[in-house]
Amino acid sequence: MTWDTITLDVDADGVATLTVDRPDQLNALTVDTLEAIGEALDEAEADGARALVLAGAGDEAFVAGADISYMVELSTPEAQAYAELGHRVADAIESFPAPTVAAIDGYAFGGGCELALACDLRVAAESAVLGQTEIDLGIIPGWGGTQRLSRLVGDETAKRLVFLGERIDAAEAAEVGFVGEVVADDAFDDRIDELAGELAAKPAFATRAAKEALNAVHDGTQKGGLALERRAWAGLFGTHDQREGMRAFLEKREPEFE
Ligand code: COA
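Attention in this report is confined to the structure presented alongside it.

So, the overall build of the protein chain
Next, step 1: A count of helical and extended segments in the protein chain gives eleven helices and ten strands.
Next, step 2: By the compact-globule yardstick of 18 Å for 258 residues, the protein chain fits well, its C-alpha radius of gyration being 17 Å.
Next, step 3: Across its three principal directions, the C-alpha atoms of the protein chain cover 55 × 40 × 40 Å.
Next, step 4: In the protein chain, buried positions account for 50% of the 258 residues.
Next, step 5: Residue pairs in contact within the protein chain that sit at least 24 positions apart in sequence constitute 73% of those at least 6 positions apart.
Next, step 6: Surface accessibility of the protein chain: about 11,900 Å² in total, with carbon and sulfur atoms responsible for 50%.
Next, step 7: If you average the places of the 20 positive and of the 50 negative side-chain charges in the protein chain, the two averages end up 7 Å apart.

So, in structure tokens, the structure goes:
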């Protein structure tokens, strides 16, 4: 199967590489792109992937977030549907039956960070910049970020990052536990290949069992939290600050919030 805005390659060792391929828009995620990612995950699983790398095309971005030009005029019901789709894709990444690695080279903002958070491991290039930047668009993380970021970095750091929409470099991201590893830019691709190859070479059935067991640690409370997040996120659409934040971005000016 082929898609317009993503590519999927599964090599002979069982390493699947799923690349978001909209470099002119810094790999921002449209509905079509999210749906394609969902289909590609199914295809990678059917092809027997033993490890999966999630990456962004081009030199500038991993994924610069959900597509703001799509979101700017969404109603609450439309936003709810978009949140449901984003959650489905993030959940599919999280429960993919082989280890997943987010290869964060460049910008990872908003929904891009949220897809990375759904991966098992996050490796960042030294020059990467990360942030849950939604607050400056008048919204909040809506594809699992409030729950998964908090789990990963702790409540206080998550609140600082989400309340302030801070854009942090890879070194700080590693310091707070947002990413597990930082690699020099010129060694990045080789390191991703090496790590994915190593993961794919492990016993696949045991790795899958380990992943299921490790993921189960958080299941009790996360579901309620995620449902709450979807409602809260969608409820922000149609507010002055959401429209203003997104319009200001698209018009390349500073927002004037209420
Ligand atoms: N949604 C839609 N389009 C986006 C986008 C997004 N999340 N992020 C970037 N783009 C588009 C820009 O609108 C621009 O398109 P244009 O060339 O048609 O004007 C193109 O990608 C390049 O982005 P630009 O802002 O011109 O590049 P830059 O190098 O000056 O800045 C960023 C790069 C990543 C710092 C900046 O694009 C940015 O802050 N993006 C939004 C990040 C964000 O808040 N994401 C969270 C969304 S939930």
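Still to come is the rest of the account.
A look at unusual backbone geometry
Among all residues save glycine, negative phi is the norm, and among peptide bonds the norm is trans.
Next, step 1: One non-glycine residue, leucine 26, lies in the positive phi region at around 55 degrees.
Next, step 2: Position of leucine 26 relative to the elements: it lies in the loop between strand S2 (15-20) and helix H1 (31-46).
Next, step 3: Under the relative-accessibility criterion, leucine 26 is labelled partly exposed at 24%.

Topic: the sheet that holds strand S9 (residues 168-169)
Next, step 1: Taken in spatial order, the four strands line up as S4-S6-S8-S9 in an open sheet, and their pairing is mixed. This sheet does not close on itself; its edge strands, each paired only once, are strand S4 (61-63) and S9.
Next, step 2: In this sheet, S9 lies alongside strand S8 (residues 129-131) in antiparallel orientation, the contact comprising two bridges. Opposite valine 129, over in S9, you have aspartate 169 as the bridge partner.

What about the sheet that holds S2?
Next, step 1: An order of S1-S2-S3-S5-S7-S10 is seen for the six strands of this open sheet, with the pairing classed as mixed. The open sheet has two edge strands with one neighbour each: strand S1 (6-10) and strand S10 (181-183). Taking each pair of neighbouring strands and ignoring which way they run, the sheet shows an average axis angle of 20 degrees.
Next, step 2: Pairing between S1 and S2: five bridges, direction antiparallel. When the bridges of S2 are listed, leucine 8 appears paired with leucine 18.
Next, step 3: Here helix H8 (residues 188-201) sits on the sheet and contacts S2, strand S3 (51-56), strand S5 (100-104), strand S7 (121-125) and S10; the angle it forms with S7, its principal contact strand, is near 165 degrees.

Structural notes on the nonpolar core
Next, step 1: One finds Ile37, Met71, Ile104, Leu130, Phe178 and Trp233 to be the most contacted residues of the largest nonpolar core, which totals 61 residues.
Next, step 2: For this core, the element with the most residues is helix H3 (residues 76-94), which contributes seven residues.
Next, step 3: Filtering out sequence-adjacent residues up to four positions away, isoleucine 104 remains in contact with Phe62, Ala116, Arg122, Val123, Ala124, Ala125, Ala128, Leu130, Val179 and Phe188.
Next, step 4: Ranked by size, the runner-up nonpolar core spans 15 residues in total, among them Ala51, Val183, Ile192 and Leu199.

Digging into a negative patch on the surface
Next, step 1: Taken together, the side chains of Asp9, Asp11, Asp13, Glu126, Asp185, Asp186, Asp189, Asp190 and Asp193 present a region of like negative charge at the surface.
Next, step 2: At three residues, the largest contribution of residues to the negative patch is made by H8.
Next, step 3: On the secondary structure map, aspartate 186 appears in the loop between S10 and H8.

Criteria and cut-off values
Residues numbered from 1 in each chain as written. Predicted model: local features only at pLDDT ≥ 70, side-chain atom pairs only at ≥ 80, totals over all residues. Heavy atoms only, no water. Helix = DSSP H or I, 4+ residues; strand = E, 2+ residues; numbered from the N terminus. Rg over C-alpha atoms; globule rule 2.2 N^0.38 Å. Buried < 20%, exposed > 50% of the residue type's maximum accessible area, 1.4 Å probe, protein only. Contact = heavy atoms within 4.5 Å. Areas by Shrake-Rupley, 256 points an atom, 1.4 Å probe, with all protein chains shown as cover. Lys, Arg positive; Asp, Glu negative; His and termini not counted. Charge placed at Lys NZ, Arg CZ, Asp CG, Glu CD. Pairing = 2+ DSSP bridges. Axes fitted to C-alpha atoms, helices over the stretch in contact; angles between N-to-C directions. Core = buried A, V, L, I, M, F, W, Y, C linked by side-chain atoms within 4.5 Å. Patch = residues over 30% accessible without salt bridge, like charges linked within 9 Å, V, L, I, M, F, W, Y side chains within 5 Å. Salt bridge = Lys/Arg side-chain N within 4 Å of Asp/Glu carboxyl O.

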